[in-house]
There are 2 protein chains.
Amino acid sequence: MAKKCTISEAVIKRLPRYYRYIKQLERDGVKRVSSSELAKNLGVTASQVRQDFSNFGEFGQQGYGYSVGKLRSEIASILGLDQQHNIIIIGCGNIGKALARYIGFADDGFFVRAMFDVDPTVIQKVPEGVEVLNVNRLAEYINTHPVDIAAICVQKEYAKDVAENLVRLGVKHFWNFAPVDLSGVAEGVICENINMSDSLFVLSYRINEQQ
Amino acid sequence: MAKKCTISEAVIKRLPRYYRYIKQLERDGVKRVSSSELAKNLGVTASQVRQDFSNFGEFGQQGYGYSVGKLRSEIASILGLDQQHNIIIIGCGNIGKALARYIGFADDGFFVRAMFDVDPTVIQKVPEGVEVLNVNRLAEYINTHPVDIAAICVQKEYAKDVAENLVRLGVKHFWNFAPVDLSGVAEGVICENINMSDSLFVLSYRINEQQ
């Protein structure tokens, strides 16, 4: 499928939602879906859906809609979900543990391979199959295992040091849970942030606006 | 401060980031900041910053920039952070516990008052001062305590039931960590989602695009 060069941020952010919905349809045995049904579920217009998909080439058919199976596999490929991603987690607090225990990711090719902490003796209830290592073994681990993504689950004040260290070791793709901007740490770093307080502030804004 | 009626989603999402940065400046004792400095930190243009703020009335001064203290308090007020928000957490898994233990929220008026779970005996290491109750006491609690926001940290399959129950009890503001759309549960519901897999998919998209 041909991909245009500049896909807007808004489209990129909608892709995972399309994917989740279409995956559910496929699981439910649905064979085809119209742009208006997709639109209704995502709170956008049908023409927006068609426009979104046209960024990646045409894969619908006038009067037929989209084949659910084809659409799922096309979006999976756009999102890189047809590849395997090896994840390591830095920081074994509640967030780190929540990620490690969240089995839903493996479905889409994301595998948590190891967790690192300054004090691995405190770790309890880590899921079977996920190794917990002292952070001083990080270099050794990265040199001997493929690592595609590092989830940064340490406290705010350590996040930048951790990221810089990872870059030195050759890992440049961060899934960042610390409330600091890590994209500027080095050239070529790709960082996706989950900022919980930002989301809480947006909620507060909407509540305030409603009142 | 006068507020225009329609503020774009993009501006709303930038507000927490402005707020975080300006709060840090204030903490560092900085008295004034220019739109270009704000722009640099947020990865937007200076004219975008001025345009963003103009949505809420003018609060800069040509050649002087913005007073950090005034800007912080204005944005706090826009975000509703000058009010107190009482939060309850439904679900005491790792995510629920991570939220309860995250003390940073209190700074901005968000207080976790109680946590609920189907099995409160399993709860360990819950922060001091946060009550953990059986979910069957939810109605009793809500009837006798102010609740502004419910953080929904239960498993996907229970999230909708939990939300519907909360709406019946009069709580309509959700901070939702389950990968389901809850905004359609009832009229007037305000729901802000933290969807971890969506964020991971976006990261995967960007990695895929870079390769």
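First, a word on scope: everything that follows refers to the structure included in this document. Here the residue index of a chain counts from 1 through its sequence in written order. Chains carry letters from A onward and ligands carry numbers from 1 onward, assigned in written order. Local features are withheld for residues below a pLDDT of 70 in this predicted model, meaning they are given only at 70 or higher, and side-chain atom pairs are given and counted only at 80 or more; totals for whole chains, interfaces and linings count all residues. The basis for every side-chain value is the complete set of non-hydrogen atoms in the structure, without hydrogens or water.

Take the overall build of chain A next. Elements are defined by DSSP. Helices are runs of H or I of four residues or more, strands are runs of E of two residues or more, and each kind is numbered from the N terminus. From N to C terminus, chain A includes eight helices and eight strands. Principal-axis analysis of the C-alpha atoms gives chain A an extent of 60 × 45 × 35 Å. Note on exposure labels: buried denotes an accessible area under 20% of the residue type's maximum, exposed denotes more than 50%, and partly exposed covers the range between, all computed with a 1.4 Å probe on protein chains only. For chain A, the proportion of its 211 residues judged to be buried stands at 50%. Contacts between residues were defined by any pair of non-hydrogen atoms, one from each residue, lying within 4.5 Å. For chain A, restricting intrachain contacts to residue pairs at least 6 apart in sequence, the fraction spanning at least 24 positions comes to 59%. With an accessible surface of roughly 10300 Å², chain A has 47% of that area assigned to carbon and sulfur atoms. Where accessible areas are quoted, they stem from the Shrake-Rupley method and a 1.4 Å probe; at the residue level, only the protein chains shown are allowed to cover.

Let us look at the pattern of salt bridges. Salt-bridge detection follows one rule: a side-chain nitrogen of Lys or Arg within 4 Å of a carboxyl oxygen of Asp or Glu. Under the criterion given, the structure shown has 20 salt bridges over all chains. The closest approach of N and O atoms between A:Arg72 and A:Glu26, which form a salt bridge, is 2.4 Å. Residue A:Arg72 is found in helix H4 (residues 68–78), and its partner A:Glu26 is found in helix H1 (residues 9–27); the two are separated by 46 residues along the sequence. In this structure A:Glu26 comes out as partly exposed when scored by relative accessible area, which is 34%. For the salt bridge of B:Glu164 with B:Lys160, the shortest nitrogen-to-oxygen distance reads 3.6 Å. With B:Glu164 and B:Lys160 both in helix H7 (residues 156–168), this residue pair falls four residues apart, about one helical turn. Residue classification places B:Glu164 among the partly exposed residues on the basis of a relative accessible area of 27%. For B:Lys160, a relative accessible area of 46% puts it in the partly exposed group. Connected via shared salt-bridge partners are A:Glu9, A:Lys13, A:Glu192 and B:Arg206.

A word on H7(B). Residues and elements named next belong to chain B. Turning to H7, its buried residues number three or more, namely Ala159, Val162, Ala163, Leu166 and Val167. For H7, the buried positions fall inside an angular range of 135° around the axis, keeping them on one side. Looking at H7, the residues exposed on the side facing more than 90 degrees away from the buried face are Glu157, Asp161 and Arg168. Downstream of H7 by one or two residues, Gly170 has phi in the positive range, about 100°. This arc describes the spread of directions from the helix axis toward the C-beta atoms.

Before going further, it helps to spend a moment on the packing of aromatic side chains. Working definition: a ring pair exists when centres of Phe, Tyr or Trp rings (six-membered ring for Trp) sit within 6.5 Å. Plane angles under 30 degrees give stacked, over 60 give edge-to-face, the rest tilted. With the rule as written, the count across this model stands at 12 aromatic pairs over all chains. An angle of 55° between the planes, with centres 4.7 Å apart, marks the rings of A:Tyr18 and A:Phe53 as tilted. Of this pair, A:Tyr18 sits in helix H1 while A:Phe53 is found in helix H3 (residues 46–54), placing the two residues 35 residues apart along the sequence. For A:Phe53, a relative accessible area of 2% puts it in the buried group. Ring centres of A:Phe110 and B:Phe201 lie 6.0 Å apart, and the angle between their planes is 20°; on these two criteria the pair is classed as stacked. Taken together, the residues span two chains, with A:Phe110 in strand S4 (residues 110–117) and B:Phe201 in helix H8 (residues 196–210).

Turning our eyes to something else, we now look at the side chain of A:Glu192. With respect to the helices, strands and loops of the structure, A:Glu192 is situated in strand S8 (residues 190–193). Given the relative accessible area of 7%, A:Glu192 is considered buried.

To continue, consider the environment of A:Thr45. All names here are of chain A. With respect to the helices, strands and loops of the structure, Thr45 is situated in the loop between helix H2 (35–42) and H3. Assessed through its relative accessible area of 49%, Thr45 is described here as partly exposed. Residues Thr45 and Ile7 lie 38 residues apart in sequence; the distance between their C-alpha atoms is 18 Å.

Residue and element names in this part refer to chain A. Axes here refer to lines fitted to C-alpha atoms; in helices the fit is confined to the stretch in contact. Angles between the N-to-C directions go from 0 to 180 degrees. One can describe the packing of H1 onto H3 by two numbers: an axis separation of 11 Å at closest approach and a directional angle of 105°. Compared by their axis directions, H1 and H3 come out roughly perpendicular. Contacts between H1 and H3 involve Val11, Arg14 and Tyr18 on the former and, on the latter, Gln48, Val49, Asp52 and Phe53. Residue type decides the class: Asp, Glu, Lys and Arg count as charged, Ala, Val, Leu, Ile, Met, Phe, Trp, Tyr, Cys and Pro as nonpolar, and the leftover types, Gly among them, as polar. Looking at the contact of H1 with H3 residue by residue, the class counts come to four nonpolar, one polar and two charged. Put simply, angles under 35 degrees are roughly parallel, angles over 145 are roughly antiparallel, angles from 65 to 115 are roughly perpendicular, and the rest are oblique.

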